[in-house]
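Understanding the architecture of this molecule
Here's the letter readout for the chains.
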Amino acid sequence: MGAIFRREMKAYFTSPIAYIFIAVFYVYTGYFFVMGNIYSGTTEMSNLFATVFTIMMFMLPLLTMRLFSEEKKQKTEQALLTAPVNLFEIVFGKYLAAMVVFLISMGIYVVYALVLYGMAGNLSIATFLGNMLGLLLLGMAFISAGIFASVLTENQIVSAIVGFIFNMLMYMIDVIASSVTVAPIKSVLQSLSFYTRYYEFTTGIINIGSVIFFLSVAFIFNFLTVRVLEKRRWG
């Protein structure tokens, strides 16, 4: 797994992908930080965390689109599958590399928090950490969905589009639930709402059920990726 992780990290930072992703993330969040916090003179960061949901839907599939698609296109997938490495280690090595790039982008929020603390002298650390946990969990779920999209095709653009569709469907659960009139079905759909669960974190609420929910989604998508590779290995 370590070799896979190091190879993917090298690939990220010897190509423009990681730099573009981090730069766009910083610019996007920086704009809302300046407009929502600096100009408004508030240390409340909930809106800053809430607005990042949209950019993650679009940007994270771009971060994951090449992870397996490129292997298939470059004809290196078979060598990878026949290597004496557990398939879970292959998937997790790639997943971890994408997560590290995402964590680097998340680091800007620590800078924002320090700036606000320096300006105002006070900041709710517990709320900030809750927001960071929510952002991390959402990233884990979206990245796992993007990796699953990547393993389905050798075309990186198609992979990015499919990953975005997965994320959009997860976001649209709220809209679907609002149009359902059957109470039990409506309740189930509402319990699957990604945005509602994420928004709880941005308001300082740490719901253990939501933590388990996001971790479960990440596990399921990674498990499905392993199953696709397993089928190809023995197919």
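Quick caveat, the model's predicted, so the values are computed rather than measured. (Residues numbered from 1 in each chain as written. Predicted model: local features only at pLDDT ≥ 70, side-chain atom pairs only at ≥ 80, totals over all residues. Heavy atoms only, no water.)

A short note on the packing of helix H2 (residues 16-38) against helix H6 (residues 87-106)
- Between H2 and H6, the least distance of the axes is 9 Å, while the angle of their chain directions is 30°. Comparing their axes, H6 and H2 come out roughly parallel. For the element pair H2 and H6, the recorded crossing hand is right-handed. Here Ala18, Phe21, Ile22, Phe25 and Tyr26 of H2 come into contact with H6, specifically with Val101, Phe102, Ile104, Ser105 and Met106.
- Its residues assigned to classes, the contact of H2 with H6 shows nine nonpolar, one polar and no charged. (Axes fitted to C-alpha atoms, helices over the stretch in contact; angles between N-to-C directions. Helix = DSSP H or I, 4+ residues; strand = E, 2+ residues; numbered from the N terminus. Parallel < 35°, antiparallel > 145°, perpendicular 65-115°, else oblique. Left-handed = near helix turned anticlockwise from the far one by under 90°. Contact = heavy atoms within 4.5 Å. Nonpolar A, V, L, I, M, F, W, Y, C, P; charged D, E, K, R; others polar.)

Quick look at the side chain of Ser193
- As for its placement among the helices and strands, Ser193 is situated in the loop between helix H10 (183-191) and helix H11 (194-202).
- Overall, Ser193 belongs to the buried group, its relative accessible area being 0%.
- Among all residues touching Ser193, those that are not within four sequence positions of it are Ile173 and Asp174. (Buried < 20%, exposed > 50% of the residue type's maximum accessible area, 1.4 Å probe, protein only.)

Quick notes on the packing of H6 against helix H8 (residues 125-151)
- Interaxial distance between H6 and H8 falls to 10 Å at its minimum, and their mutual angle equals 140°. Seen along the crossing, H6 lies across H8 with a hand that is right-handed. Facing H6, whose interface residues are Lys94, Tyr95, Ala98, Met99, Phe102, Leu103 and Met106, H8 presents Met132, Leu135, Leu136, Gly139, Met140, Ile143, Ser144 and Ile147.
- Of the residues contributing to the contact of H6 with H8, the split by class is twelve nonpolar, two polar and one charged.

Concerning H2
- Between the first and last C-alpha of H2 there are 31 Å, a value that for 23 residues agrees with the 33 Å anticipated at 1.5 Å per step.
- Every buried residue of H2 is accounted for by Ala18, Phe21, Ile22, Phe25, Thr29, Gly30, Phe33 and Asn37.
- On its buried side, H2 packs onto helix H1 (2-13), helix H3 (46-64), H6 and helix H7 (108-120). (Expected span 1.5 Å × (residues − 1).)

Quick notes on the pattern of salt bridges
- Considering all chains together, one arrives at seven salt bridges under this definition.
- Taking the shortest distance from any N to any O, the salt bridge between Lys94 and Glu8 comes out at 2.6 Å. Taken together, the residues Lys94 in helix H6 and Glu8 in helix H1 connect sequence positions 86 residues apart.
- Of the residues examined, Glu8 reaches a relative accessible area of 1% and is grouped as buried.
- A salt bridge links Glu230 to Arg227, with the nearest nitrogen and oxygen atoms 2.4 Å apart. Note that Glu230 and Arg227 are positioned in helix H12 (residues 208-234) at a spacing of three residues, about one turn of the helix.
- Since its relative accessible area comes to 45%, Arg227 is described here as partly exposed.
- Here the salt bridges share partners, and the residues they tie into one network are Arg7, Glu8, Arg66, Glu70, Glu71 and Lys94. (Salt bridge = Lys/Arg side-chain N within 4 Å of Asp/Glu carboxyl O.)

As for the nonpolar core
- Among the nonpolar cores identified, the biggest contains 71 residues, and Met45, Met56, Phe102, Tyr109 and Phe194 are the most heavily contacted of them.
- Those residues in contact with Met56 that sit more than four places away from it in its chain are Phe25, Pro61, Phe102, Leu135, Leu138, Gly139, Phe142 and Asn167. (Core = buried A, V, L, I, M, F, W, Y, C linked by side-chain atoms within 4.5 Å.)

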